[in-house]
Amino acid sequence: RHFYPGQFVDVQGVTKGKGFAGVMKRWGFAGQAATHGVSKTHRHAGSIGACQDPGRVWKGKKMAGRMGNKNKTQECLQIYKIDVKRNLLFVEGSIPGKKGGFVKVRDSLKKPFDPETPPPFPTFVQLEDGEESPEELVRPLSENDPFDD
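This is a predicted model, so every value here is computed, not measured.

Draft legend 1. Representation of the pattern of salt bridges. In this structure the tally under the stated criterion is four salt bridges. A salt bridge links E75 to K110; the shortest N-O distance between them is 3.0 Å. Of the two residues, E75 is situated in strand β4 (residues 71-83) and K110 in the loop between β6 (104-107) and β7 (136-138); the sequence distance between them amounts to 35 residues.

Draft legend 2. Molecular detail of the nonpolar core. Ranked by size, the top nonpolar core spans six residues in total: F3, V9, V11, L77, I79 and I82. Going through the elements one at a time, β1 (8-14) and β4 are the ones with two or more residues in this core. If one sorts the elements of this core by residue count, β4 sits on top with three residues.

Draft legend 3. Seen up close, unusual backbone geometry. Here the bond from D53 into P54 is cis, since omega is 15°, no more than 30 degrees from zero. With respect to the element layout, P54 can be found in the loop between α1 (23-27) and β3 (65-67). Here the phi dihedral of K40 falls at roughly 65°; this positive angle occurs in a residue that is not glycine. Within the fold, K40 resides in the loop between α1 and β3. For K40, a relative accessible area of 72% translates into the label exposed. We note that N87 has phi near 60°; this positive angle belongs to a residue other than glycine. Here N87 lies in the loop between β4 and β5 (88-92).

Parameters and conventions
Residues numbered from 1 in each chain as written. Predicted model: local features only at pLDDT ≥ 70, side-chain atom pairs only at ≥ 80, totals over all residues. Heavy atoms only, no water. Salt bridge = Lys/Arg side-chain N within 4 Å of Asp/Glu carboxyl O. Helix = DSSP H or I, 4+ residues; strand = E, 2+ residues; numbered from the N terminus. Core = buried A, V, L, I, M, F, W, Y, C linked by side-chain atoms within 4.5 Å. Buried < 20%, exposed > 50% of the residue type's maximum accessible area, 1.4 Å probe, protein only.

Dropping the structure here:
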């Protein structure tokens with residue numbers, strides 16, 4: 001077993017595809033006014049560049065296009081529980097991707113192990129005869145109450 005409850009991990013997956021999206025949905029643009037002379041351009045991007053100089057559109061300009069379906073890494077998520085019997089990791093927080101999708105879980109890069117409590121090594125421990133492995137490993141509760149002031 002490499003992972004243990006309370007450990008921080010990075011989870012990588014492919015985000016949900018949203019199809020072709022305009023600038024208001026894709027980038028959160030405010031759009032243009034509904035009245036005061038605006039005609040048929042309420043959800044358009046507006047101007048995309050300057051005039052003759054530079055005479056082109058800047059690289060990386062936020063425009064309409066395909067949204068989602070990209071590799072995304074959610075960092076520093078904490079493992080809450082491990083179900084050994086069903087081979088499941090319970091992670092606090094949201095992970096990228098749709099239900100039933102594949103994700104890659106690895107040790108967190110931004111929150112490395114504490115030298116006083118290194119990860120379990122070796123990662124697999126052979127059980128003695130007659131000894132049963134626990135069905136669930138759960139992170140211990142915090143001693144301080146988050147709702148106390």
